[in-house]
Each structure stands twice: as C-alpha cells, then as structure tokens.
Amino acid sequence: MTNADVIIVGAGPAGLMLAAELRLAGVRPLVLERQPQRRNTPKAGGLGGQILELLRYRGLLERFEAACTGPVPAPRFPFGGVHLDFTQLTDPPLHALPLPQPQLEQLLDERASELGADIRRGHQVTGAVQDEAAVTVDVQGPDGPYQVSARYLVGCDGARSRVRDWAGIGFPGTVYPEVNRLAQVTLPDTVTVLGDGGLDVPGAGTVQAGFTRTDHGLFGIGSSPGSQVVSLYTIEDESTEYDDDTPMTITELQDSIRRVLGVTLPVKEASRLSRFTFKARQADRYRNGRILLAGDAAHLFPATGVALNAGMLDAVNLAWKLAADVHGRAPADLLDTYHDERHLAGARTTLHTRAQVALRRGHDPAAEALRQVFQELLADEQPLRRMGALVAGTDIRYPMPGTGHPLTGTFAPDLTLHTDQGTTSVADLMHTARPILLDLAGRPDLRQTARDWRDHVDVHTAKTDDRPADALLIRPDAHIAWAAGLDEPADSAMPPLREALSAWFGTPSA
Ligand SMILES: Cc1cc2nc3c(=O)[nH]c(=O)nc-3n(C[C@H](O)[C@H](O)[C@H](O)COP(=O)(O)OP(=O)(O)OC[C@H]3O[C@@H](n4cnc5c(N)ncnc54)[C@H](O)[C@@H]3O)c2cc1C
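Residues numbered from 1 in each chain as written. Predicted model: local features only at pLDDT ≥ 70, side-chain atom pairs only at ≥ 80, totals over all residues. Heavy atoms only, no water.

**So, the overall build of the protein chain**
Next, step 1: A tally of helices and strands in the protein chain yields 13 helices and 27 strands.
Next, step 2: Taken against the 2.2 N^0.38 rule, which gives 24 Å for 510 residues, the C-alpha radius of gyration of the protein chain at 25 Å falls within 12% of a compact globule.
Next, step 3: In terms of overall dimensions, the protein chain has a C-alpha envelope of 80 × 60 × 40 Å along the principal axes.
Next, step 4: Across the 510 residues of the protein chain, 52% fall into the buried class. (Helix = DSSP H or I, 4+ residues; strand = E, 2+ residues; numbered from the N terminus. Rg over C-alpha atoms; globule rule 2.2 N^0.38 Å. Buried < 20%, exposed > 50% of the residue type's maximum accessible area, 1.4 Å probe, protein only.)

**A look at the packing of helix α8 (residues 336-360) against helix α9 (residues 365-377)**
Next, step 1: Interaxial distance between α8 and α9 falls to 8 Å at its minimum, and their mutual angle equals 125°. The orientation of α8 relative to α9 falls into the category oblique. Facing α8, whose interface residues are Ala358, Leu359 and Arg360, α9 presents Leu370, Arg371 and Phe374.
Next, step 2: A breakdown of the residues in the contact of α8 with α9 according to their chemical character gives four nonpolar, no polar and two charged. (Axes fitted to C-alpha atoms, helices over the stretch in contact; angles between N-to-C directions. Parallel < 35°, antiparallel > 145°, perpendicular 65-115°, else oblique. Contact = heavy atoms within 4.5 Å. Nonpolar A, V, L, I, M, F, W, Y, C, P; charged D, E, K, R; others polar.)

**Some details on the domain arrangement of the protein chain**
Next, step 1: Looking at the assigned domains, one finds that the protein chain contains domain 1 (2-171 + 283-392), domain 2 (176-278) and domain 3 (416-505).
Next, step 2: Between the C-alpha centres of domain 1 and domain 2 the distance comes to 30 Å.
Next, step 3: Across the contact, 16 residues belong to domain 1 and 15 residues belong to domain 2.
Next, step 4: Between domain 1 and domain 2 we count two salt bridges in total.
Next, step 5: Between Glu178 and Arg360 there is a salt bridge whose closest N-O contact spans 3.1 Å.
Next, step 6: Our count for the domain 1 to domain 2 interface comes out at two residue pairs in polar contact (both at pLDDT 80 or more).
Next, step 7: For the side of domain 1 that touches domain 2, the residue count by class is five nonpolar, four polar and seven charged. (Domains from an automatic or database assignment. Salt bridge = Lys/Arg side-chain N within 4 Å of Asp/Glu carboxyl O. Polar contact = N/O pair within 3.5 Å; in protein donor to acceptor, adjacent residues only side chain to side chain.)

**Some details on the sheet that holds strand β25 (residues 458-461)**
Sheets are built from strands paired through backbone hydrogen bonds, the pairs being either parallel or antiparallel.
Next, step 1: With mixed pairing, four strands are arranged side by side in an open sheet as β25-β24-β26-β27. Of all the strands in the sheet, just β25 and β27 (480-484) have a single pairing partner and so form its edges. Recorded for the sheet is a direction-independent mean angle of 15° between the axes of neighbouring strands.
Next, step 2: Across four bridges, strand β26 (residues 471-474) lies against β27 in antiparallel orientation. Note on β27: the bridge partner recorded for Leu473 is Trp482. (Pairing = 2+ DSSP bridges.)

**Observations concerning the site of the ligand**
Next, step 1: Near the ligand you find 32 residues, and of these Glu33, Arg39, Gln101, Asp296 and Leu308 are the closest.
Next, step 2: Here an oxygen atom of the ligand and a backbone polar atom of Pro13 are 3.2 Å apart.
Next, step 3: Summarising the interface, the protein chains cover 92% of the accessible area of the ligand, which totals 1000 Å² for the free molecule.
Next, step 4: For the shell around the ligand, the secondary-structure elements that each account for two or more residues are α1 (13-24), β2 (29-33), β8 (124-130), β18 (269-282) and α7 (307-326).
Next, step 5: Looking at the shell around the ligand element by element, the count peaks at three residues for β18.
Next, step 6: Residue classes in the shell around the ligand are distributed as twelve nonpolar, twelve polar and eight charged.
Next, step 7: Counting residues domain by domain, the shell around the ligand receives three or more from each of domain 1 (2-171 + 283-392) and domain 2 (176-278). (Near = heavy atom within 4 Å. Areas by Shrake-Rupley, 256 points an atom, 1.4 Å probe, with all protein chains shown as cover.)

**Description of the pairing of β25**
Next, step 1: Note that strand β24 (residues 436-439) and β25 share four bridges and pair parallel. Considered in β25, the bridge of Asp439 is made with Thr461.
Next, step 2: Taken together, β24, helix α12 (residues 444-451) and β25 constitute a β-α-β crossover, and its handedness is right-handed. (Right-handed = clockwise from strand over helix to strand, strands pointing away.)

**Digging into the nonpolar core**
Next, step 1: Membership of the largest hydrophobic core comes to 90 residues, with the highest contact counts inside it found for Phe64, Val137 and Leu472.
Next, step 2: The element that contributes the greatest number of residues to this core is α7, accounting for ten residues.
Next, step 3: Both domain 1 (2-171 + 283-392) and domain 3 (416-505) contribute no fewer than three residues apiece to this core.
Next, step 4: If you look at the next biggest cluster of nonpolar residues, it comprises 22 residues, including Ala324, Ile396, Leu446 and Ala450. (Core = buried A, V, L, I, M, F, W, Y, C linked by side-chain atoms within 4.5 Å.)

**Description of the side chain of Ser256**
Next, step 1: The residue Ser256 is located in helix α6 (residues 250-261) in this model.
Next, step 2: In this view, Ser256 contacts Arg181, Thr234 and Glu236; residues no more than four positions away in its chain are not counted.

**Let's talk about the pairing of strand β4 (residues 76-79)**
Next, step 1: Alternating residues of β4 divide into Phe77 and Phe79, all buried, and Arg76 and Pro78, none buried.
Next, step 2: The sheet contact formed by β4 and strand β5 (residues 82-85) spans four bridges and is antiparallel. Each bridged residue has a counterpart across the sheet, and for Pro78 the counterpart in β5 is His83.
Next, step 3: With antiparallel pairing between neighbouring strands as the criterion, β4 and β5 make up a hairpin whose turn holds two residues, including Gly80 at a positive phi of roughly 60°.

See the structure below:
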C-alpha cells in the first residue's frame, strides 16, 4: 500500500517544479523537505534560458515577471572571462529574469500548493529502499520517525544528495579550487567612497575601483558615488569545500578580502552575503529502478546562470513520463528516455561551462589572447546566436526513434494558430501540459489516427503562417515527438504517426 504516487525529496526549485508538473498530470506527489521553513539563502539572483519559454507555455511567465526585483536586464550574459552581448539583436537567443531564488521558490511553492501538492517541511528523509513494487523511505518528522511508500522516489535533494547515494548512483567529475564570494554591504563613514568608485580605507589607503588582481586572487568593487552601499566580490583558490547551505558571515568576507588584498575593510552591515564553489559533476545514471534524480542532485556546473534552467527542465521532462507510468499507460522504456534526454542536456551544459573555466582562468598572455580571440568571434551574429542557444539549452535535439523530420526532438515553436474558434498559439495550448496532435494542413487521416489516443492526446486543427510541417505531435514538455512533412500524400504519414503515438503515449484508448 503506497501513501503517494511519487515521493520528492527536497523542496528546492527542482522538487517544487516537479511537484507542480506532476499535479498537472493528475499524480499525487509528496514533497519531503528537511528545512522547517522556506529558505531565505541568497543563491541564484535570477533565472535564464529555455525554462522561461516553458514557464510562458504554462501561462506562468507574467506571474514570475511581476515578482522580479528589478527591470529585465539588457541581454548581456557572462561567459567565462568574456560577455555574450546580445544588445544589438532584436530577438536575442537568451533571456534572463532578475528573480532571486527565495522569491522563485515562493512562487513555485505557491503554484505546487495551488495545484494540490502535499509539501511537508521539517521532514528529513533518512533512508530509502526499493523493491519491485515500491520505494519506502524513513522520515524524521516533527512528531518523530515514520515510514512512507510510493511508486517512485525522486531525489531533488541538491548537490550533496543522499538519495543518490542510497540509489548507488555515481557522481563523477571535477572540483575546481576557486571560491567566489559576493556581498552587498554598507560601509561605515570611516571608509570614503571616492568619486571614481574606489575606496579610501583608514590605515590602508586607496583601493582602486573595478577589479584588482593579486597573487592571491581577485577583488572587485561596484559602487555608486555618494552611497555607502557597495557590492564586493572576491575569488580565491582554496582547498576547503563549503556547504552552500551554511550561511556566509561578514567575518568570512573580511577574512577573504584580507587574504586577497592585504587590507582590513570595516563593514557596518550586509544585505547580501553569498559564496559558491565550482564543480563539474554529473550523475552517471539519472535513474536506478524506482529512484530518479533531478536538479543539482544530478548535475553541478562550473559556471553561474545555468543550473536552475537545467534542473527545472529536468523536472518538466520527468513529470509526464512518471505520470504515464503511475497511470499504467507508459510504453516500455519511456522512463528510461528521461536519462537519455536529460543526461544529454546536462552533458551539453557541462561542455560549455567547462569551456568557461578554461576561458576565465589564467592571466598570462596566452590566456588573455584566448579571451580576445573568443570575444572577436562573438562580434559576429552567427557565432553569437549559436553561443546564446548553447547557454539557453535551446540547441538540444533529443534523440527520437524513427527516421525523423528535422523538427523531431526540438522544442515546439510558438506558432500563432488560426482556428474556427479564433486565434490561439502553441503556448496557449500547452498550459494544461497535455500532449497535442496539431493538424496544420487539414489532414483528416492524421486526426483520425490520433483520435485512437483521444484519452491522452488532444487533437487541434489550425492554420498558421509559414507552416513548418503538415502536423506536429507535441509532448507535454513542449518537445516535438513527431512531425509530418510538408504536403506529403495523405495516408503516407499514418503508420509513422501511429508508431510515434504508441512509442510516446502507449496503447490506444479503449
Ligand atoms: C551563491 C549561489 C549563487 C547561485 N547563482 C545561480 C544563478 O545565478 N543561476 C542559477 O541557475 N543557479 C545558481 N545557483 C545554483 C542554484 O542555486 C541551484 O542550482 C539550485 O538551488 C538547485 O536546485 P535544486 O532544487 O536542485 O536543489 P536545492 O536548491 O539544493 O534544494 C535541495 C533541497 O533538498 C533539501 N534536502 C536535502 N536533503 C534532504 C533530505 N534528506 N530530506 C529532506 N530534504 C532534503 C534541502 O534542504 C533543499 O531544500 C547558485 C548557487 C549558489 C550557492
């Protein structure tokens, strides 16, 4: 007897996104989170990449934008030691939202709760075992220990995932020695913020504006004239591994500045203190039997700005597949495609974030030359667009069975659709996260075939400008599972469509 369909360990962005997507698919998730309250730790300052498009496809983007703490920034994105500068492009390939992680988690929590997810805080999972039918976990709750079972367990429990250990899944990779510390602080009146942005520190003299490199690391200041509130930044190579959940202190920041710069900087108070280290690690399997991994539990990347995108997209990819299994209609191997697709996506992100390590490390002439050559390449639109797609994760084409139309495996474009009922769009149709057969060429043969799956697949007929295919079969995660060629003879696409419907959505409706 199971108590939930899916147990999710961890109410971070990946776990909460998964809970909401599972509810959309009619599954009962139980989220177990060890922290008694939602965290206020200043981790990510924003969200970027393809997940923003997916949130728009779920009708959520406006709500997320309304919660942003600042205006949507001009599209410039740090990439190793250089910048991807999209300001000249009217349709940049990469977007970002300045949505600090605590606000993001609040929005995701609200969404999952509105949809009816059971989220229990103050419940730490201490062990997990699986058999052929279920996974059973030991939980230490506020009222003592208890056990709970479900068909599946998903470890969204972050970088130091215990679920990963219990599932016996390896996490190979590299730990880089840089420790980055970011702070926004108020300086006491004894420190003068100079007109050029530098600081006059009592007993230490002038600290120049911008970045200062020393033999011990890098120090940076961001300041506004007349304000005692400044941003501070240090990078040092250290051998210590930090737990991201252990809060950084003002003393830790001051010690770091002293080591890098040799200056004791007085600080009155801090409004933001955060620290991160860089690791390139990826779980060698995202699934072992009934236990799966998503988010930081599955991957860590050695650059900022991409982890949330990867982790939340894992959740979107996994949810509908788990739901199909729980509802007893998953085709064989459907759940294994989660590993195939998202491990591939994680490996792409590892590729470009490792390249960023090479680009930002080193200050000898060879390293500077590498950065300059790279920056020159990025002055041209085509390589700039390509890098933008790589960082956003939009260049990923999942491997799909069959010969394949060029659109199969890609994220469905947001076509404007003219129907008998009025104008709609692919984004509007994806709000419910139901699979869709979109007939764009008035093809009764295809609609008839898809009607055999009417309980699981919605069929829509529409006209669109610049029709990319006669029909698109779109999965709940907005990826195209199958496409009919333009103007191909009626009935010729029926057998392949039938195969695709069976491969992704199981046996036809009764
Ligand atoms: C300083 C800093 C800056 C960052 N900046 C960015 C950025 O700009 N952009 C970006 O995309 N990413 C950024 N990141 C990374 C981002 O914060 C993580 O990728 C993200 O939090 C991962 O989400 P997650 O849900 O996978 O895991 P987590 O957020 O780590 O959540 C895991 C949850 O599981 C819970 N848990 C763990 N073990 C158990 C257990 N046994 N039982 C119950 N609950 C458990 C934890 O308490 C936690 O709430 C940054 C990280 C840091 C530290």
